[in-house]
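# Results of the structural survey
These are the residues of each chain, in order.
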Amino acid sequence: MMNFSLIHSQPKPVQVEVELSAEPVNVISKHAKAESLVLQCRERLEKELARGGEVSIIHLVDSLVECAYLMRASDIHLDPEGVNVRVRFRIDGVLQDMYALPKVIHPEIISRIKILANLRTDEHQAAQDGRFHSTLEGDQSVDVRVSVVPTYYGEDVVLRLLTDQDSEFSLESLGFSQENQTKILAAIDKPYGMILATGPTGSGKTTTLYTILKMLNTKDVSIITIEDPIEYSLPGINQIQVNQRTNLSFANGLRSILRQDPNIIMVGEIRDGETAGLAVNTALTGHLLLSTLHTNDAATTLPRLLDMKVEPYLIASTVNVAIAQRLARRICAECRVSKEPTAAEQKRLSEIVSPQLVEACKAFYRGAGCEACNHTGYQGRVGIHEVMVVDGVLREAVLQKATSSELKRVALQQGMISMVEDGFQKAAKGITTIEEVLRMLYE
């Protein structure tokens, strides 16, 4: 335990104690010097915490953001508990404990974050959302989305890190197979219709749509989006933020967008029947529309629109493609080793995918664990997808109000690769593990 005092809106230094994680987390990113940068940042942070004199809350918050960025974390969780503030980073989709900070500095940390995000510092009983921009050492920058909610032990804060590196994605780097890339490219070549990305929260739907928008973004088209919230700034594209205080919803915003003479529109999410009806009619009148839905697989997308009271003939006429996806952790390239599946594993896998595929795969892979991946065996994430093209046969099934299971059967007959099969192929190539695929699809 180490003593230190803080300076931030306090007339006198206050002596408190800080408890560091028992084992430091060393996670390196894609860059060659990432490991040393992480260590340097962590040393600065721990020196700041361990100072016997005065500690600056400003430096503390800045160092937390910088460490999270260098460790490729997507979120920082500051969870108040009885005597401590639990600090966790979400790395590759999994939360990892980092620090246990003393409760006495919790109000100061919250105030600093609220000041950065232009939130009310005197409001402690209501949820608040905001964002701020942080410039790190080496001219790196990161946008941080802030969510503050009141809990039993005080205000809980989650910081979502939105980095510029995510804007460099391509369909191939997102994990789309060559066959699925061909299907998506054919869909975006059409001048009108709908491209829908589906999956649970945090499955990478928005990143997929942003990647498609960048491919479509040329000087001879007008692209407008309405989002909640705007994740990344896309040059050359007009982006609108939903604002409930001014009654700017997805539906009302979509009506206004249509008067702006767009060629391509992205609606952040189809949440209700009104937005669904407007989106379908927009696609029917000569616009290419991209959006997201919360469904478990691609085939459920069409019945979901039926549940929103959209007519079957409109769905059949407008939906070009439905993309379902999950994110699985990649095997760490530094410690990847092969392993032969046991007879029991082969039997279980044969119940999920075709026996021919299982027999063709003589070995799978796993991460043995090393310093680069913090001994987890994983580093980074990759998408697992199924891309359903709505063609003539599927359109007939939609018109007959077929169930999702019937639509999936038809789509598979037409050549759709299921998410299970796509994940199995990535596991067979050593991109991810079969355990990770099953975890993402069946948890």
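Okay, so let's go over this structure. (Residues numbered from 1 in each chain as written. Predicted model: local features only at pLDDT ≥ 70, side-chain atom pairs only at ≥ 80, totals over all residues. Heavy atoms only, no water.)

Time to look at the sheet that holds strand β10 (residues 193–198). The sheet built from seven strands is open, its strands ordered β12-β11-β13-β14-β10-β15-β18 with mixed pairing. Of all the strands in the sheet, just β12 (238–241) and β18 (378–389) have a single pairing partner and so form its edges. On average, each strand axis in the sheet is inclined to that of its neighbour by 20°, with strand direction left out of account. Note that strand β11 (residues 223–227) and strand β13 (residues 264–267) share four bridges and pair parallel. In the strand pairing of β13, I223 is matched with I264. The sheet strands contacting helix α6 (residues 250–258) are β11, β12, β13 and β14 (288–293), and the helix crosses β11 at an angle near 165°. Helix α15 (residues 434–442) contacts β15 (319–331) and β18 of the sheet and is inclined by roughly 130° relative to β15. (Pairing = 2+ DSSP bridges. Helix = DSSP H or I, 4+ residues; strand = E, 2+ residues; numbered from the N terminus. Axes fitted to C-alpha atoms, helices over the stretch in contact; angles between N-to-C directions. Contact = heavy atoms within 4.5 Å.)

Here we take up empty space enclosed by the protein. Within this structure, the stated rule accounts for two cavities of 30 Å³ or more. As a volume, the second largest cavity reaches approximately 40 Å³. If you trace the second largest cavity, you find it lined by L349, I352, V353, V420, F424, I434, V437 and L438. Contributing elements (two or more residues each) for the lining of the second largest cavity: α14 (419–428) and α15. The element best represented in the lining of the second largest cavity is α15, accounting for three residues. (1 Å grid on protein atoms, 1.4 Å probe; cavity = no way out; pocket = protein on both sides within 12 Å on 5 of 7 lines; lining within 4 Å. Points joined across faces, edges and corners; volume = space filled by probe spheres on them.)

This part covers helix α13 (residues 404–413). Buried within α13 we find L407, V410 and A411. Taken down its axis, α13 places every buried residue within 100° of arc, on the same side. The exposed set on the far side of α13, more than 90 degrees from its buried face, consists of S405 and Q413. Residues of α13 that are buried in the fold lie against α8 (301–307), β18 and α12 (392–399). Positive backbone phi, at 105°, marks G415, one or two positions downstream of α13. (Buried < 20%, exposed > 50% of the residue type's maximum accessible area, 1.4 Å probe, protein only. Arc of directions from axis to C-beta.)

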